[in-house]
Amino acid sequence: MELLLEKFSLGVGDRFAHQARAQLEACSKAASLGVTVVPVWNKSNREHNIVGSEPASVREAADEAVRQLGWQFPYHVDADHINLDTVDRFLDSSDFFTIDVASAIGQRSERAAAFVKRHPELVGTLSVPGVPDPLTTTVESVERTTAKYLFAVEEASRIFRHICQRRNGRPFITEISMDETDAPQTPVELLVVLAAIGDHGIPIQTIAPKFTGRFNKGVDYVGDVEFFEKEFADDLAVIACAIQHYNLPANLKLSVHSGSDKFSIYGAMRRALQQFGAGVHLKTAGTTWLEELIGLAEAGGHGLRLAQEIYGKAYACRAALCEPYAAVIDIREDRLPLPHEVCQWTAEQYTSALRHDQSNPAFNPDFRQLLHVGFKIAAHLGDRYVNMLVACRDSISRNVTYNLFERHIRPLFLGA
Ligand SMILES: [Zn+2]
């Protein structure tokens, strides 16, 4: 039996498992306006390890939020960026698996030559309906692409079979991600990859390529928006074409691992999605944790002091905190406020610096990015942090819901 992912879905991260309800409120608001955006709670193995949590806690928080709000639509729990080494602890509690094969890209497959032989249609001038300039390839270019990606698809197939076998008939949704790598995949490369995925019979419903431009954590897109729009539209055309030719699920769609807050491309994405009548999965990162800090600061008193303390500790450990995220952050050290200054800040100053409002001159993207990767500090505070989340629940949930709904769901799924 298959589990089908709906046309529009939103990946939400909840590092400390206290905001599922506030996140679901944002989807409820969209539903009340007539647009179903299905929530998918995602948390990677790395995040579980840093926070010290187990995958089952994500499922419990999601189930509880759904019960409390009476959510009538589907929802899912995503084992985000798993591989053969890390998937097992997610097998019971997840029904969505993001198979990450980025590290297998570039490894040699024995079967590359046979693949190219089997797919003469990939060579020459390709007619992909919806792509304005025809895509052209040569035998050599298809061989190069195959050499680069076929092994990664074979690895995805091994992981997929492993999940099938261990799930023993319990249905799940499959995504393949290739976003955490150096070079973006072009639309032509995506077509070759999809042909290979079809050959291997992996019924992916979402695929996460790497797009051109920088998708830094928690801040806006950096790159050429016009070029992105063309690339994104071409990817949609390629996917529609691959569904026709390569034995892939009819609801296959792009998954955009956005790192959250890519406000400047939401308009471009929306236009392209409408043009193709396509769906999308928007995977946001853990910016909900930043809304927790905003809510703590807004609450004033002990909440504000804890938010200040967390910044001070994050500043002191900044090198170690940033290291695992080096590829997806861009922090200018000279723009980071000093901890003793932040300790003097009012709630208003703290939230203005942190909240992602680019029209506010006090917004500080460097401050924001450092705190984004600083959730380990809060994890180390243990109960002190969690108890404060409970104490400041009203101001936090207000910010969590507002952020998801007004800044993400509305511009992408509802339109301005
Ligand atoms: Zn990703």
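Calculation criteria
Residues numbered from 1 in each chain as written. Predicted model: local features only at pLDDT ≥ 70, side-chain atom pairs only at ≥ 80, totals over all residues. Helix = DSSP H or I, 4+ residues; strand = E, 2+ residues; numbered from the N terminus. Buried ≥ 20, exposed ≤ 12 C-beta atoms within 10 Å, placed from the backbone. Contact = placed C-beta atoms within 7 Å. Pairing = 2+ DSSP bridges. Axes fitted to C-alpha atoms, helices over the stretch in contact; angles between N-to-C directions. Domains from an automatic or database assignment. Nonpolar A, V, L, I, M, F, W, Y, C, P; charged D, E, K, R; others polar. Expected span 1.5 Å × (residues − 1).

### A word on the environment of Phe211
- With respect to the helices and strands, the residue Phe211 is situated in the loop between strand E8 (206–208) and helix H7 (225–245).
- Owing to 23 C-beta atoms within 10 Å, Phe211 belongs among the buried residues under this scheme.
- In this structure the C-alpha to C-alpha distance between Phe211 and Pro184, which are 27 residues apart in sequence, comes to 5.1 Å.
- Contacts of Phe211, omitting those with residues within four sequence positions, involve Pro184, Phe228, Glu231 and Phe232.

### A short note on the environment of Ala17
- With respect to the helices, strands and loops of the structure, Ala17 is situated in the loop between strand E1 (8–12) and helix H1 (20–32).
- Residue class for Ala17 comes out partly exposed when judged on the 19 C-beta atoms lying within 10 Å of it.
- Sequence spacing of Ala17 and Lys217 is 200 residues, and the spatial spacing of their C-alpha atoms is 20 Å.

### Side note on the sheet that holds E8
- Judged by pairing direction, the barrel is parallel, and its eight strands sit side by side in the order E1-E2-E3-E4-E7-E8-E9-E10 before closing back on the first. The sheet shows a mean angle of 25° between the axes of neighbouring strands, direction not considered.
- Summarising the sheet, strand E2 (residues 38–44) and strand E3 (residues 76–82) pair through five bridges and their orientation is parallel. Bridge pairing links Trp41 to Val77 in E3.

### Re unusual backbone geometry
- Its identity as a non-glycine residue notwithstanding, Asn168 has a phi of 50°, on the positive side.
- Its location among the elements puts Asn168 in the loop between helix H5 (139–167) and strand E7 (173–177).
- Although it is not a glycine, Ser260 adopts a positive phi angle of roughly 70°.
- Here Ser260 is to be found in the loop between strand E9 (253–257) and helix H8 (263–276).

### Section: the domain arrangement of the protein
- Under the domain assignment, the protein is made up of domain 1 (8–286) and domain 2 (290–392).
- Summarising the inter-unit geometry, the C-alpha centres of domain 1 and domain 2 are found 30 Å apart.
- Of the residues assigned to the side of domain 1 that touches domain 2, the class counts are five nonpolar, seven polar and four charged.

### Brief notes about H1
- Spanning 13 residues, H1 covers 18 Å between terminal C-alpha atoms, matching the ideal 18 Å at 1.5 Å per step.
- Buried residues of H1: Ala20, Arg21, Ala22, Gln23, Leu24, Glu25, Ala26, Cys27, Ser28 and Ala30, and no others.
- If you follow the buried residues of H1, they end up packed against E1, E2, helix H3 (55–69), helix H9 (288–299) and helix H17 (393–414).
- Phi turns positive, to about 95°, at Gly34, one or two residues after H1.

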